[in-house]
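Read off the chains here:
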Amino acid sequence: MTGPLMGGGGSRPDLVGIGIGPANLGLSALLDREPGLVARFFERRPRFAWHDGAMLPDVSLQVSPLKDLVTLVDPTSRFSFLNFLAEHGRLYRHLIASRGGTPREEFEQYYRWASDQLPHLEFDTEIREVHLRKGEFEVAGATGPLASTRTLVLGAGQEPYIPGCVVRRGKNVIHSAEIAHRRPLTRDRRVVVIGGGQSGAEVVHWLLGDKDALPASLAWSTRRDGFLPLDDSAFSNEWFFPGYVRHFTGLSAARRAELLRRQRMASDGVSAELLDAIHTQLYRLDTLRPGSCAYRLSPGQELVAVDTEDDGPVGVVTRDMDTGTVMTEQADIVILATGYRHRIPDFLEPLRDRIPLDGDGYRVRDDYSIGFDGPDDCRIFVQGAARRTHGVADANLSLMAWRNAVIANAVTGRELYRTEGDSTTVAWSPEPAAAVRTPHERTTHA
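Residues numbered from 1 in each chain as written. Predicted model: local features only at pLDDT ≥ 70, side-chain atom pairs only at ≥ 80, totals over all residues. Heavy atoms only, no water.

Draft legend 1. Examining the pattern of salt bridges more closely. Applying the stated criterion to the full structure yields 32 salt bridges. Between Asp377 and Arg150 there is a salt bridge; the shortest N-O distance is 3.3 Å. Taken as a pair, Asp377 in the loop between β19 (361-362) and β20 (379-382) and Arg150 in the loop between β6 (144-149) and β7 (151-154) lie far apart in primary sequence, 227 residues in all. The partner of Arg343 in a salt bridge is Glu159, and the shortest N-O contact between them spans 2.8 Å. In this pair, Arg343 sits in the loop between β17 (340-341) and β18 (357-358) while Glu159 sits in strand β8 (residues 159-160), placing the two residues 184 residues apart along the sequence. For Arg343, a relative accessible area of 37% corresponds to the partly exposed category. Each of Arg12, Glu136, Arg150 and Asp377 takes part in salt bridges that share partners, so that together they form one network. (Salt bridge = Lys/Arg side-chain N within 4 Å of Asp/Glu carboxyl O. Helix = DSSP H or I, 4+ residues; strand = E, 2+ residues; numbered from the N terminus. Buried < 20%, exposed > 50% of the residue type's maximum accessible area, 1.4 Å probe, protein only.)

Draft legend 2. Broad picture of the nonpolar core. Within the largest apolar cluster, 81 residues are counted, with the highest numbers of intra-cluster contacts made by Ile18, Tyr111, Val130, Leu348, Tyr362 and Ile380. The leading source of residues in this core is helix α12 (residues 400-412), at nine residues. With near-sequence residues (within four places) excluded, Ile380 lies in contact with Phe137, Leu152, Leu154, Leu351, Ile355, Tyr368, Ser369, Ile370 and Phe372. Counting 25 residues, the second-largest nonpolar core is a separate cluster that includes Met55, Val270, Leu275 and Ile278. (Core = buried A, V, L, I, M, F, W, Y, C linked by side-chain atoms within 4.5 Å. Contact = heavy atoms within 4.5 Å.)

Draft legend 3. Broad picture of the sheet that holds strand β12 (residues 294-298). Pairing is parallel across the open sheet formed by five strands, whose spatial order is β9-β16-β10-β11-β12. Only two strands of the sheet have a single partner each, and these edge strands are β9 (173-175) and β12. Averaged over all pairs of adjacent strands, the angle between strand axes in this sheet comes to 15°, irrespective of strand direction. Where strand β11 (residues 217-221) lies against β12, five bridges are found, and the strand directions are parallel. (Pairing = 2+ DSSP bridges. Axes fitted to C-alpha atoms, helices over the stretch in contact; angles between N-to-C directions.)

Draft legend 4. Region of the structure containing helix α1 (residues 22-31). Most of α1 sits out of view: 10 of its 10 residues are buried. All of the buried residues in α1 are Pro22, Ala23, Asn24, Leu25, Gly26, Leu27, Ser28, Ala29, Leu30 and Leu31. Looking at the buried positions of α1, the neighbouring elements they touch are β1 (15-18), β2 (39-42), α4 (104-117), β3 (121-122), β7 and α12.

Draft legend 5. Quick peek at the packing of helix α6 (residues 198-209) against helix α10 (residues 272-288). The geometry of α6 relative to α10 is characterised by a closest axis approach of 10 Å and an angle of 30° between their N-to-C directions. Considered as vectors, α6 and α10 are oriented roughly parallel to each other. Crossing angle aside, the handedness with which α6 passes α10 is left-handed. Between α6 and α10, the contacting residues are Gln198, Ala201, Glu202, Val204, His205, Leu208 and Gly209 on the first element and Leu274, Ala277, Ile278, Gln281, Leu282 and Leu285 on the second. (Parallel < 35°, antiparallel > 145°, perpendicular 65-115°, else oblique. Left-handed = near helix turned anticlockwise from the far one by under 90°.)

Draft legend 6. Seen up close, the packing of aromatic side chains. Across all of its chains, the model carries 17 aromatic pairs by this definition. On the basis of an interplanar angle of 75° and a centroid distance of 5.2 Å, the ring pair of Phe107 and Tyr111 is categorised as edge-to-face. Placement of both Phe107 and Tyr111 in helix α4 is noted, with a separation of four residues, approximately one turn of the helix. Across this residue pair, the class does not change: Phe107 and Tyr111 are buried. Considering the side-chain rings of Tyr244 and Trp428, the 4.6 Å spacing of their centres and the 65° angle between planes classify their relative orientation as edge-to-face. Here the residue Tyr244 occupies a position in helix α7 (residues 242-249), and Trp428 occupies one in the segment after α12, the gap between them amounting to 184 residues. Neither Tyr244 nor Trp428 differs from the other in exposure class; each is buried. One aromatic cluster in this structure is built from Phe48, Trp50, Phe81, Phe84, Phe107, Tyr110, Tyr111 and Trp113. One cation-aromatic arrangement involves Arg341 over Tyr161; the distance from NZ or CZ to the ring centre is 4.0 Å. Positioned over the ring face of Tyr368 is Arg403, at 6.0 Å from the centre of the ring. (Phe/Tyr/Trp six-rings, centres within 6.5 Å; stacked < 30°, edge-to-face > 60°. Lys NZ or Arg CZ within 6 Å of the ring centre and 35° of its normal.)

Draft legend 7. Representation of the pairing of strand β10 (residues 190-194) within the structure. Burial runs high along β10: four of the five residues are buried. In this structure, β10 lies alongside β11, joined through five bridges in parallel fashion. Bridge pairing in β11 links Arg190 to Ser217. Regarding the hand of the β-α-β motif, the stretch spanning β10, α6 and β11 is right-handed. (Right-handed = clockwise from strand over helix to strand, strands pointing away.)

Draft legend 8. Examining the environment of Ser28 more closely. Take Ser28: it is sitting in helix α1. Residue classification places Ser28 among the buried positions, given a relative accessible area of 0%. Spatially, the C-alpha atom of Ser28 lies 13 Å from that of Val406, the residues being 378 residues apart in sequence. Aside from chain neighbours lying at most four places away, what touches Ser28 is Phe41, Leu118, His120 and Leu121.

Draft legend 9. Focus on a nonpolar patch on the surface. Nonpolar side chains collect at one region of the surface, where Leu66, Leu72, Leu82, Leu91, Tyr92, Leu95 and Ile96 lie side by side and expose about 760 Å² of accessible area between them. The element best represented in the nonpolar patch is helix α3 (residues 91-97), accounting for four residues. Topologically, Leu82 is positioned in helix α2 (residues 81-87). Assessed through its relative accessible area of 46%, Leu82 is described here as partly exposed. (Patch = residues over 30% accessible without salt bridge, like charges linked within 9 Å, V, L, I, M, F, W, Y side chains within 5 Å. Areas by Shrake-Rupley, 256 points an atom, 1.4 Å probe, with all protein chains shown as cover.)

Draft legend 10. Representation of the pairing of β20 in the model. What you see with β20 is no split at all: Arg379 and Phe381 on one side and Ile380 and Val382 on the other are buried throughout. Where β7 lies against β20, four bridges are found, and the strand directions are parallel. Residue pairing across strands places Thr151 opposite Arg379, the latter belonging to β20.

Draft legend 11. Region of the structure containing unusual backbone geometry. Residue Lys134 is not a glycine yet carries a positive backbone phi of 55°. We note that Arg183 has phi near 40°; this positive angle belongs to a residue other than glycine. Taking relative accessible area as the criterion, Arg183 reaches 37% and is therefore assigned partly exposed.

So far we have only geometry, and geometry alone does not tell us how the molecule works.
Below, the structure written as structure tokens:
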């Protein structure tokens, strides 16, 4: 570990963060109590936004609101969600109103409230290139160099994934990440939704529940064997503990890949409440409004092709994974709820030959820094790009505050926040002599 980076002096910050989503926003909040550390965070958008294109009505968090920017590592921080509620006079009403879940739109309000208070954030500034010059990273925007530093934190986030079989999108093929902005005219039209995860379910729930959006026909298909629920059981949730991350990082690459496949529904499933709500909507359509919307729910369907002209119908080709039958249908609107993928950002192109990759991903160390062929005191940390090395929780909000504490400790060279000794029920990689432990002794063995 290098020495602490405190007091950059002049215009050179100790740390530059690129991208201001929840992850780098949380890091900024944790570093705010270190006035001697100079940090700058850049974001191309004009203000903070969190999945605003997918912000459909009545969508809720899938995790506890205590998994906010700071609470799980610093519950006394002024940037907590509870403090946001208190400052806005909402605590008592929120306790009652949120029994069915915290609105995702309210959590975005909380993030914006925090971003308005943090002085390290610079919006409306797109980073174009990062070079290594004179033993430092030079970060440049459209008008030229903006800052030089020895520590980068990449928080550019994931991008909507468009399957390669989508030949032409046209204006009637929409990713779920942009649906709230584009608001397609679906009323009395033929709509196909591709994708059986939470995003696809939220789109279907909106289409069925909004009388102004109700299609004439709705087809919802997925490659999965069914419309599968989120695995939110108590012991599966321990995969989202710091101790499990420490265990996971020590496993072989083959074992990690196998576990990620098995644990997929702990992060990619649909909340049981939402599945129940959709089932109820369909029952009411059939019994109370028969004929108002023809629908087909089709699991086990592999998407083969999507093709359209700008103003014409969309051809959707799928293959049944059980029978091999290929089906082609025409739609007016296709909504791709096909998730997100991480990719190496274009601004790193000048450094690409210095960053070794495993496949198409970084080689991520335990402290979330990545392999880099440069000066030892130049480090690059990544946010949400370590699923293959750090486990199923990496892109989730659950461990975001803890990951930022790990990064903050590495950047400052000291234990700014406690990241060890968390309690757990499950003994990962147990020691033979530790078969029975008292509750006080029940800490993670990694």
